[in-house]
Amino acid sequence: MADNEKLKVSIDGIQVEVAPGTTILNAARQIGGDIVPPAMCYYSKLQGSGGKCRTCLVKVSKGSEKDPRPMPKLVASCRTTVMDGMEVQNITSNEVLEARKGVVEMLLINHPLDCPICDQAGECHLQDLGFEHGAAATRYEFERRTFERIDIGDKIQLHMTRCILCYRCVFVADQLTDKRVHGVLGRGDAAEISTYIEKAIDNNFSGNVIDVCPVGALTDKTFRFKNRVWFTKPVDAHRDCPDCAGKVTLWYKGEEVLRVTARKDQYGEVEAFICNTCRFDKKQTSDWVIEGPRKVAHTSVISANHYETLKPLPVVKENPKLQEANKYQFERSVRL
Amino acid sequence: MARKLLLEHVHIPGINTFEVYRQKGGYRAAEKALRTLSPEDVVEEVKKSGLRGRGGAGFPTGMKWSFLAKPEGVPRYLVCNADESEPGTFKDRYLMTHIPHALIEGMIVASYALGANTSYIYVRGEMMPQIRILERAIEEAKAAGFLGTNILGSGYNLELYVQPGGGAYICGEETALLESLEGKRGNPRIKPPFPAVAGLYNCPTVVNNVESIAATVPVLNIGGEEYAKIGIERSTGTKLISASGNINKPGVYEIELGLPVEEFIYSDEYCGGITKGKRLKAVVAGGSSVPILPANLILKTAKGDNRLMTYESLADGGFASGTMLGSGGFIVFDEDQCIVRNTWNFARFYHHESCGQCSPCREGTGWMEKVLHRLEHGHGKMSDIDLLVDVSKKIEGNTICPLGDAAAWPVASAIRHFRDEFEWHVTHGEEAQIRNFGLAHYADPLTVES
């Protein structure tokens with residue numbers, strides 16, 4: 001097959017042409033919208049990730065043009081490559097939705113659901129997943145699994161109780177840092193992400209484990225309990241960094257930079273990994289060249305409190321009674 | 001007396017040594033293969049024999065061999081899966097303990113057929129005595145010129161290594177086994193690619209069960225066509241069955257496939273009937289992973305035919321009324337056994353052995369175990385029974401490796417066939433602590449007379 005040849009694949013009846021070797025998930029992302037399966041463990045920047053969380057399961061109702069037999073089981077779309085003529089069902093298949101609901105339930109039964117005191121709340125993939133695909137109540141009536149909190153170095157805290165074992169941080173430690181000290185101990189539901197005997201990861205790129213973590217298991221100790229993400233304002237900025245690309249998002253509260261993260265795309269994946277110096281040590285506006293406000297999807301809770309775009313209707317401007325009624329909104333938009 | 005191919009000489013003293021094994025006609029198959037046959041001929045012979053994988057899935061061995069990718073300049077590997085840890089299965093351990101040379105000879109034949117110059121026997125870590133036995137057997141075979149360089153002047157080289165396993169049930173899953181063999185954490189790989197394309201060290205690899213490899217020796221000795229005459233239809237040859245539970249004569253038996261289940265349980269040649277003259281309640285026919293069947297369904301299929309010890313007959317009726325031959329771990333329960341307790345025991349095993357990679361299995365096995373624990377100890381609710389069915393359905397088929405299915409099937413099948421016993425555990429919580437539910441209507445009264 002020639003390199004430039006494209007494969008035709010249909011996902012929920014929508015046709016798309018993709019390069020050979022593309023996974024079903026990435027083909028769906030090329031289409032975009034509701035038919036993109038959720039992914040908790042797959043991370044396009046990390047080699048070998050995916051296949052574990054099972055939230056991206058889809059049904060292949062036609063294997064390919066050559067071999068039209070359907071695949072016998074649901075497949076992980078993040079690790080299954082497309083074939084020419086493949087037909088995939090995601091949200092049009094009840095079987096898939098049912099299985100996904102089951103996976104979400106499984107992911108949540110041992111999750112502490114301590115969102116009110118979790119720093120990840122508001123940008124947590126598990127929250128989104130539970131909101132979109134989960135049930136309103138749990139059927140689990142047993143004690144949840146808990147672990148002691150562990151400090152991985154002086155800047156990162158591991159709260160294993162919240163972990164969903166996506167292995168993303170393990171891949172980061174394996175592929176970005178030079179010493180392989182971070183991995184999985186134990187087995188089954190007693191498995192835990194850890195460094196051996198709480199050894200610190202003293203690598204300049206170790207902070208990226210925080211960004212790739214889909215839940216609040218790995219958190220930034222310089223930001224812990226400082227603020228809720230939806231009260232902060234994300235602003236894109238860059239600096240000339242000798243170690244990394246230096247392209248980051250600054251999270252402001254008033255004049256203060258509360259934290260620095262890499263820039264994340266709509267699937268929560270970072271655009272470029274950043275170094276620990278940028279992440280933990282450069283928290284002055286003067287360290288950075290500001291590019292402008294970070295675009296946050298309007299569905300995200302982070303954009304909920306941002307009233308700078310408040311554009312009162314003309315009728316409000318003309319009518320003093322309505323102006324009086326909206327006084328508080330006007331004042332707040334000025335304050336912010 | 002049924003024909004024995006693997007265990008024919010098992011009672012001869014000293015059969016575990018090279019000399020006695022050789023005297024009794026051992027290494028004839030290796031000689032025949034290396035001196036007179038091409039590797040393709042050996043594969044063809046195994047294909048003709050209809051030999052199917054003895055580890056559980058029952059995939060035709062010859063076909064598996066012919067799928068092996070053979071790119072130029074890339075080494076190929078044969079790995080023997082001796083990580084036998086399925087509850088109720090102990091046939092490989094028996095074979096390796098008593099006739100280690102049968103496995104060594106099979107490894108030579110199979111490696112030659114596949115063109116592998118380095119082969120591994122991955123033995124469960126707990127089987128240290130068997131590891132020593134195999135290492136001694138390898139030394140002996142090497143001294144006799146059946147291993148090493150230029151074996152029997154054929155120009156074929158083979159090095160055989162024994163690797164102690166990592167101490168986990170999951171390492172018996174072929175891709176987890178390969179990971180473990182490479183020195184990594186024993187997590188199953190996501191397929192594709194299959195081991196036949198990218199297995200050990202990313203090279204084409206065949207992983208076979210101990211019994212499948214050992215069975216290639218009689219296949220070559222008597223010829224594939226002759227071997228295929230034993231058994232029924234697509235279930236050819238002989239099979240080792242590990243019989244355990246409430247039977248008079250537990251142990252490893254070599255049967256010709258096609259033996260009626262009833263004969264296997266009640267005849268004196270095999271299990272010798274149920275202990276203390278009790279009545280049969282249920283059977284797990286192929287190791288803990290396969291669905292459990294009540295007495296009436298294990299002796300006769302839903303259609304009323306006699307159930308036979310074959311891949312097809314045991315699977316007759318699908319999951320609604322059938323089971324699987326699996327690895328041949330035949331566990332018999334008499335009327336005094338509690339199905340809820342047994343199901344909880346299996347669930348506890350799978351909870352303990354789940355690798356923790358994919359979420360449905362990691363969380364679901366633990367959940368099922370906890371609910372079953374509650375049911376068994378008299379604190380269950382009626383809704384728990386449907387909950388278990390639902391959780392098992394959410395695990396089944398949604399995981400990377402078959403451990404999820406293996407954990408879901410025993411629970412789902414126990415509830416399917418013994419639902420009233422589960423319900424009785426809920427309604428008679430305290431009584432269930434004192435006595436067992438008993439036989440109920442599961443046993444076929446006809447079989448009691450015989």
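This one's a predicted model, so the numbers in the text were calculated from it and none came from an experiment.

Caption draft 1: Local environment of the overall build of chain B. When helices and strands are counted, chain B shows 20 helices and 11 strands. On C-alpha atoms alone, chain B measures out to a radius of gyration of 22 Å, which is about the 22 Å that the 2.2 N^0.38 rule sets for 450 residues. Dimensions of chain B, computed from the C-alpha atoms along their principal axes, are close to 75 × 50 × 35 Å. Per-residue burial over chain B gives 57% buried out of 450 residues. Considering only contacts within chain B whose residues lie at least 6 apart along the sequence, 72% involve residues at least 24 apart.

Caption draft 2: Highlighting the overall build of chain A. Counting its regular elements, chain A contains nine helices and 14 strands. With the principal axes as the frame, chain A shows a C-alpha extent of 65 × 60 × 50 Å. Out of the 336 residues belonging to chain A, those deemed buried represent 39%. Pairs at least 24 residues apart make up 63% of the contacts formed inside chain A by residues separated by at least 6 positions.

Caption draft 3: Focus on the nonpolar core. Counting 200 residues, the largest nonpolar core has Val79(B), Cys80(B), Leu103(B), Met107(B), Val109(B), Val283(B) and Val332(B) as the members making the most contacts within it. Sort the elements by how many residues they give to this core and helix α18 (residues 403-427) of chain B lands first, with 11 residues. Among residues more than four places away in sequence, those in contact with Met107(B) are Leu78(B), Cys80(B), Ser119(B), Ile121(B), Leu160(B) and Ile213(B). One finds Phe205(A), Val248(A), Trp251(A) and Val260(A) within the second-largest nonpolar core, a separate group that totals 12 residues.

Caption draft 4: Representation of the sheet that holds strand β1 (residues 7-11) of chain A in the model. Residue and element names in this part refer to chain A. In space, the five strands of this open sheet follow the order β2-β1-β5-β3-β4, with mixed pairing throughout. Strands with a single pairing partner mark the edges of an open sheet, and in this sheet they are β2 (14-18) and β4 (75-76). Bridge count between strand β3 (residues 57-62) and strand β5 (residues 86-89): three bridges; the pairing is antiparallel. Bridging from a neighbouring strand, Lys62 pairs with Glu87 of β5. Packed onto the sheet, helix α1 (residues 24-31) meets β1, β2, β3 and β5 and runs at close to 115° relative to β2. Sheet contacts for helix α2 (residues 94-109): β3 and β5; angle to β3, the most-contacted strand, approximately 160°.

Caption draft 5: How the structure looks around the domain arrangement of chain B. Residues and elements named next belong to chain B. According to the domain assignment, chain B contains domain 1 (18-229), domain 2 (232-337) and domain 3 (339-434). Between the C-alpha centres of domain 1 and domain 3 there is a distance of 35 Å. Facing 10 residues of domain 1, the contacting portion of domain 3 comprises nine residues. Residue composition of the side of domain 1 that touches domain 3, by class: seven nonpolar, two polar and one charged.

Caption draft 6: Layout of the interface of chain A and chain B. Facing 26 residues of chain A, the contacting portion of chain B comprises 25 residues. Counting residues per element, the side of chain A that touches chain B draws most heavily on α2(A), which supplies six residues.

Caption draft 7: Up close: helix α7 (residues 128-143) of chain B. All names here are of chain B. For α7, with 16 residues, the first-to-last C-alpha span of 23 Å sits near the 22 Å given by 1.5 Å per residue. Listing the buried residues of α7 in full gives Gln130, Ile131, Ile133, Leu134, Ala137, Ile138, Glu140 and Ala141. Turning to α7, the residues buried within the fold contact α1 (18-23), α5 (91-98), α6 (100-114), β2 (118-123) and β3 (159-164).

Caption draft 8: Here's a closer look at the domain arrangement of chain A. Residues and elements named next belong to chain A. Parsing chain A into structural domains produces domain 1 (7-100), domain 2 (110-137 + 145-220), domain 3 (229-303) and domain 4 (306-336). Computed over C-alpha atoms only, the centres of domain 1 and domain 2 are separated by 26 Å. Each partner contributes to the interface: domain 1 provides 12 residues, whereas domain 2 provides 12 residues. Across the side of domain 1 that touches domain 2, the residue classes break down as six nonpolar, four polar and two charged.

Caption draft 9: Representation of unusual backbone geometry in the model. All names here are of chain B. The peptide bond linking Lys191 to Pro192 adopts the cis configuration, its omega dihedral lying at -5°. Relative to the helices and strands, Pro192 is located in the loop between α8 (174-181) and β4 (205-209). Located in the positive-phi region is Asn202, a residue other than glycine, with phi close to 65°. When you line up the elements, Asn202 lands in the loop between α8 and β4.

Caption draft 10: Local environment of the confidence of the model for chain B. All names here are of chain B. Taken over all residues, the pLDDT of chain B has a mean of 93, while the share at 70 or more is 97%. pLDDT under 50 marks residues 445-450. Its contacts with residues more than four places away, or in other chains, come to seven contacts. Reported confidence for the predicted complex is 0.87 by ipTM and 0.91 by pTM.

Caption draft 11: Quick look at the packing of helix α17 (residues 382-395) of chain B against α18(B). Residues and elements named next belong to chain B. Close contact between α17 and α18 brings their axes to 9 Å; oriented N to C, the two are set at 165°. The orientation of α17 relative to α18 falls into the category roughly antiparallel. For the pair α17 and α18, the sense of crossing is left-handed. Together, Met382, Ile385, Leu388, Val389, Ser392 and Ile395 of α17 and Gly404, Ala407, Ala408, Val411, Ala412, Ile415, Arg419, Phe422, Glu423 and Val426 of α18 make up the contact between the two elements. In terms of residue class, the contact of α17 with α18 is made up of 12 nonpolar, two polar and two charged.

Caption draft 12: Structural view of the sheet that holds β3(B). All names here are of chain B. Reading across from one edge, β3-β2-β1-β4 is the order of the four strands in this open sheet, with parallel pairing throughout. Whereas interior strands pair on both sides, the edge strands pair on one side only; in this sheet they are β3 and β4. Strand-to-strand twist of the sheet, defined as the mean angle between neighbouring strand axes without regard to direction, takes the value 20°. On the sheet, α7 packs against β2 and β3 and is oriented at approximately 170° with respect to β3.

Caption draft 13: Structural view of the pairing of β1(A). All names here are of chain A. Residue alternation in β1 divides its side chains into a buried set, Leu7, Val9 and Ile11, and an unburied set, Lys8 and Ser10. Pairing between β1 and β2: five bridges, direction antiparallel. When the sheet's bridge partners are listed, Leu7 is paired in β2 with Val18. Taking the residues between adjacent antiparallel strands as the criterion, β1 and β2 are bridged by two residues, where Asp12 takes a positive phi near 50°.

Caption draft 14: Representation of the environment of Phe231(A). Residue and element names in this part refer to chain A. Here Phe231 is to be found in the loop between β10 (218-220) and β11 (233-238). Overall, the presence of 15 C-beta atoms within 10 Å leaves Phe231 in the partly exposed class. For the pair formed by Phe231 and Cys124, sequence separation is 107 residues and the distance between their alpha carbons is 15 Å.

Caption draft 15: View of the packing of helix α3 (residues 39-49) of chain B against helix α9 (residues 210-222) of chain B. Residues and elements named next belong to chain B. Interhelical geometry of α3 versus α9 gives an angle of 95° and a closest axis separation of 10 Å. Considered as vectors, α3 and α9 are oriented roughly perpendicular to each other. Along the contact surface, α3 presents Val42, Glu45, Val46 and Ser49, while α9 presents Thr216, Val219 and Leu220. When grouped by side-chain class, the residues that make up the contact of α3 with α9 number four nonpolar, two polar and one charged.

Caption draft 16: Focus on the environment of His379(B). Residues and elements named next belong to chain B. Assignment of secondary structure puts His379 in the loop between α16 (359-376) and α17. Judged by C-beta crowding, with 12 C-beta atoms within 10 Å, His379 ranks as exposed. For His379 and Thr427, which are 48 residues apart along the polypeptide, the C-alpha to C-alpha distance reads 9.7 Å. Among all residues touching His379, those that are not within four sequence positions of it are Arg374 and Gly429.

Rules used throughout
- Residues numbered from 1 in each chain as written.
- Chains lettered and ligands numbered in written order.
- Predicted model: local features only at pLDDT ≥ 70, side-chain atom pairs only at ≥ 80, totals over all residues.
- Helix = DSSP H or I, 4+ residues; strand = E, 2+ residues; numbered from the N terminus.
- Rg over C-alpha atoms; globule rule 2.2 N^0.38 Å.
- Buried ≥ 20, exposed ≤ 12 C-beta atoms within 10 Å, placed from the backbone.
- Contact = placed C-beta atoms within 7 Å.
- Core = buried A, V, L, I, M, F, W, Y, C linked by C-beta atoms within 7 Å.
- Pairing = 2+ DSSP bridges.
- Axes fitted to C-alpha atoms, helices over the stretch in contact; angles between N-to-C directions.
- Domains from an automatic or database assignment.
- Nonpolar A, V, L, I, M, F, W, Y, C, P; charged D, E, K, R; others polar.
- Expected span 1.5 Å × (residues − 1).
- pLDDT = per-residue confidence, 0-100.
- Parallel < 35°, antiparallel > 145°, perpendicular 65-115°, else oblique.
- Left-handed = near helix turned anticlockwise from the far one by under 90°.

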